[in-house]
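# Commentary on secondary and tertiary structure
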Amino acid sequence: MKKFKIKSGDTVKVIAGEHKGSEGKVLRILKEEDRVIVEGVNMVSKHTKPSATNPQGGIVKKEASLHISNVSLIEDGAPVRVGYDIESSPKTRISRKTKKPI
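Residues numbered from 1 in each chain as written. Predicted model: local features only at pLDDT ≥ 70, side-chain atom pairs only at ≥ 80, totals over all residues. Heavy atoms only, no water.

### Focus on the environment of Lys-99
With respect to the helices, strands and loops of the structure, Lys-99 is situated in the segment after β10 (92-95). Residue classification places Lys-99 among the exposed residues on the basis of a relative accessible area of 58%. Expressed as a C-alpha distance, the spacing of Lys-99 and Val-71, which sit 28 residues apart in the sequence, is 20 Å. At a separation of 3.3 Å, a polar atom in the side chain of Lys-99 contacts the main-chain carbonyl oxygen of Arg-96. (Helix = DSSP H or I, 4+ residues; strand = E, 2+ residues; numbered from the N terminus. Buried < 20%, exposed > 50% of the residue type's maximum accessible area, 1.4 Å probe, protein only. Polar contact = N/O pair within 3.5 Å; in protein donor to acceptor, adjacent residues only side chain to side chain.)

Now the structure itself:
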């Protein structure tokens, strides 16, 4: 099973690609594809056919996924690398820069 240092609900910054510099909250993590969906970043237009739930149809804006290597966790407004403190009873994520728990 793959393990990532970024979790759903974390605030991240895009550090590479077309949307570099954008920030947002992680909505979902797609583990099989090593990708994340970030709120308000990488918006795409999806054309939908009329259906029972959406009788009008039309164009819907939604977030597309980004590769997980293109985002970095944010702490105090700056991107940080994530480490783990295994000395404490429950293993906790810590900032490598400040050594504080995240």
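After presenting the structure, the write-up continues.
### Examining the pattern of salt bridges
Taken as a whole and assessed by the stated rule, the structure comprises two salt bridges. The partner of Lys-2 in a salt bridge is Asp-34, with the nearest N and O atoms 2.9 Å apart. Of this pair, Lys-2 sits in the segment before β1 (11-14) while Asp-34 sits in the loop between β2 (23-30) and β3 (35-38); the two residues are 32 residues apart in sequence, bridging distant segments of the chain. With relative accessibility at 40%, the residue Lys-2 sits in the partly exposed group. One salt bridge in this structure joins Arg-93 and Asp-10, with 2.9 Å as the shortest N-O distance. Of this pair, Arg-93 sits in strand β10 while Asp-10 sits in the segment before β1, placing them 83 residues apart in sequence. (Salt bridge = Lys/Arg side-chain N within 4 Å of Asp/Glu carboxyl O.)

### Digging into the pairing of strand β7 (residues 71-75)
With five of five residues buried, β7 lies mostly within the body of the structure. Pairing of β1 with β7, which is carried by three bridges, proceeds in the antiparallel orientation. Within the sheet, the bridge partner assigned to Val-14 lies in β7 and is Val-71. Note: β7 against strand β8 (residues 78-79), two bridges, orientation antiparallel. In the strand pairing of β8, Ile-74 is matched with Pro-79. (Pairing = 2+ DSSP bridges.)

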